[in-house]
Amino acid sequence: MADTIEVSLWRGKADGGYRTYRVPLRPNQTVLDVVTWVQRNADPALAYRFACRVGMCGSCAMTVNGRPRWTCRTHTSKVVKDGRLEIGPLANLPIIKDLVCDMRAFFEKWQKAKGAFAPSKGRGDPIERIAPASAPRLAADAAIECINCGVCYAACDTVRWNEAYLGPAALNRAWTLVNDTRDGGNAARLAAVSADGGCHACHTHQSCQQHCPKALNPTASIAGLKRRSVQAYIRGEL
Ligand code: SF4
Ligand code: SF4
Ligand code: FES
């Protein structure tokens, strides 16, 4: 087995290009380890982003051999092809520099989808008990473990061709709140997610579900929003 691999890393902005390095192979090495080795040993000016290195923070996502992935939990041995790795920034977001893209549009869409909890009670009210096995709680649980990595957003063709589309992560987040019985913001939230660029723009081709490193299913969440918004429309609430 070769003791090095050829690694091409994106350098520069959108008009940049790939630069190639030889990187030593190590046991249990992750793709993030490969990028870090280049930055520490071959090219200190390389820009990339990470924080936790344990699959919690969502900041290390990149395009690896053509596919969006979290790099701190992706072993090199699983993705290296013919002794090569090609690593670029996430798709569907502007490049700031090298492997770092600008996540502003991604998070602004969370705000547009009303992805923040809207309390329905005040400080003095008793704390409500949510039955762990209730249907809304189970629906929220199934979608709650999102780490905001942007992998699904980069994998979504609808995001690519429709700039206004809120995208799988923001809509998945909205679905968790629609099912949060303590939340009081659902009228505004359903109006936001059923407007142009909302849940009805999803084409249900499930790239988001196939690529999500946390094994979430944003397509199912979006289908829930479609159902819930149509019900609200029929009741005259939208
Ligand atoms: S199912 Fe919808 S959100 Fe998911 S990748 Fe396809 S269009 Fe995008
Ligand atoms: S839904 Fe999955 S892929 Fe999308 S941002 Fe959340 S964790 Fe990442
Ligand atoms: S560095 Fe935090 S998820 Fe990869």
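All figures in this text were calculated on a predicted structure; none of them were measured in a lab.

Chemist: Can you tell me about the site of ligand 1, naming the residues and giving the values?
Modeler: Near ligand 1 you find 13 residues, and of these Cys 156, Thr 158, Cys 202, His 205 and Cys 208 are the closest. When each cavity is represented as a set of grid points, ligand 1 is found to reside in the second largest cavity. Counting residues per element, the ones that place at least two in the shell around ligand 1 are α9 (207–211) and α10 (218–234). Looking at side-chain class alone, the shell around ligand 1 contains 6 nonpolar, 7 polar and no charged residues.

Chemist: If you had to explain the site of ligand 2 to someone new, which residues and values would you point to?
Modeler: The full set of residues close to ligand 2 is Cys 146, Ile 147, Asn 148, Cys 149, Gly 150, Val 151, Cys 152, Ala 169, Cys 212, Pro 213, Lys 214 and Pro 218. Among the detected pockets, ligand 2 sits in the largest cavity. Of the residues in the shell around ligand 2, the class split is 9 nonpolar, 2 polar and 1 charged.

Chemist: Explain the packing of helix α3 (residues 104–112) against helix α7 (residues 168–178) residue by residue, including any values.
Modeler: Describing two packed helices takes the angle between their axes plus the distance from one axis to the other. With their axes 8 Å apart at the nearest point, α3 and α7 run at an angle of 30° to one another. On the basis of their axis angle, the class for α3 and α7 is roughly parallel. α3 and α7 meet at a crossing whose hand is right-handed. Judged by residue contacts, Phe 106, Lys 109 and Trp 110 of α3 engage Ala 169, Ala 170 and Arg 173 from α7. Its residues assigned to classes, the contact of α3 with α7 comprises 4 nonpolar, no polar and 2 charged.

Chemist: I'd like a rundown of the packing of aromatic side chains, residues and numbers included.
Modeler: Overall, the coordinates contain 6 aromatic pairs when judged by the stated rule. Residues Trp 10 and Tyr 18 carry aromatic rings whose centres are separated by 5.0 Å and whose planes lie at 85° to one another, so their mutual orientation is edge-to-face. Here Trp 10 falls in the buried class, since its relative accessible area comes to 14%. Residue classification places Tyr 18 among the partly exposed positions, given a relative accessible area of 40%. With centroids separated by 6.3 Å and ring planes inclined at 50°, the aromatic side chains of Phe 107 and Trp 110 adopt a geometry described as tilted. With Phe 107 and Trp 110 both in helix α3 and 3 residues apart, the pair spans about one turn of that helix. Linked through ring pairs, Phe 106, Phe 107, Trp 110 and Tyr 153 together constitute an aromatic cluster.

Chemist: Quick rundown of helix α1 (residues 31–41)? Include the residues and the values.
Modeler: Looking at α1, one finds that the buried residues are Val 31, Leu 32, Val 34, Val 35, Thr 36 and Val 38. In this fold, the buried residues of α1 make contact with β1 (4–11), β2 (17–24), β3 (61–64), α2 (76–79) and β5 (84–88).

Chemist: Pulling in residues and values, what's your account of the pairing of β1?
Modeler: Most of β1 sits inside the fold, with 6 of its 8 residues counted as buried. Here 8 bridges tie β1 to β2, and the two strands are oriented antiparallel to one another. Bridge pairing in β2 links Ser 8 to Thr 20. Connecting β1 to the antiparallel partner β2 that follows it, the hairpin turn spans 5 residues, and Gly 12 within it adopts a positive phi of roughly 95°. Here β1 pairs with β5 via 4 bridges, running parallel. Bridged to Glu 6 within β5 is Arg 84.

How each quantity is defined
Residues numbered from 1 in each chain as written. Chains lettered and ligands numbered in written order. Predicted model: local features only at pLDDT ≥ 70, side-chain atom pairs only at ≥ 80, totals over all residues. Heavy atoms only, no water. Near = heavy atom within 4 Å. 1 Å grid on protein atoms, 1.4 Å probe; cavity = no way out; pocket = protein on both sides within 12 Å on 5 of 7 lines; lining within 4 Å. Sits in = over half its atoms within 2 Å of the grid points. Helix = DSSP H or I, 4+ residues; strand = E, 2+ residues; numbered from the N terminus. Nonpolar A, V, L, I, M, F, W, Y, C, P; charged D, E, K, R; others polar. Axes fitted to C-alpha atoms, helices over the stretch in contact; angles between N-to-C directions. Parallel < 35°, antiparallel > 145°, perpendicular 65-115°, else oblique. Left-handed = near helix turned anticlockwise from the far one by under 90°. Contact = heavy atoms within 4.5 Å. Phe/Tyr/Trp six-rings, centres within 6.5 Å; stacked < 30°, edge-to-face > 60°. Buried < 20%, exposed > 50% of the residue type's maximum accessible area, 1.4 Å probe, protein only. Pairing = 2+ DSSP bridges.

So yeah, pure geometry; function would need other evidence.
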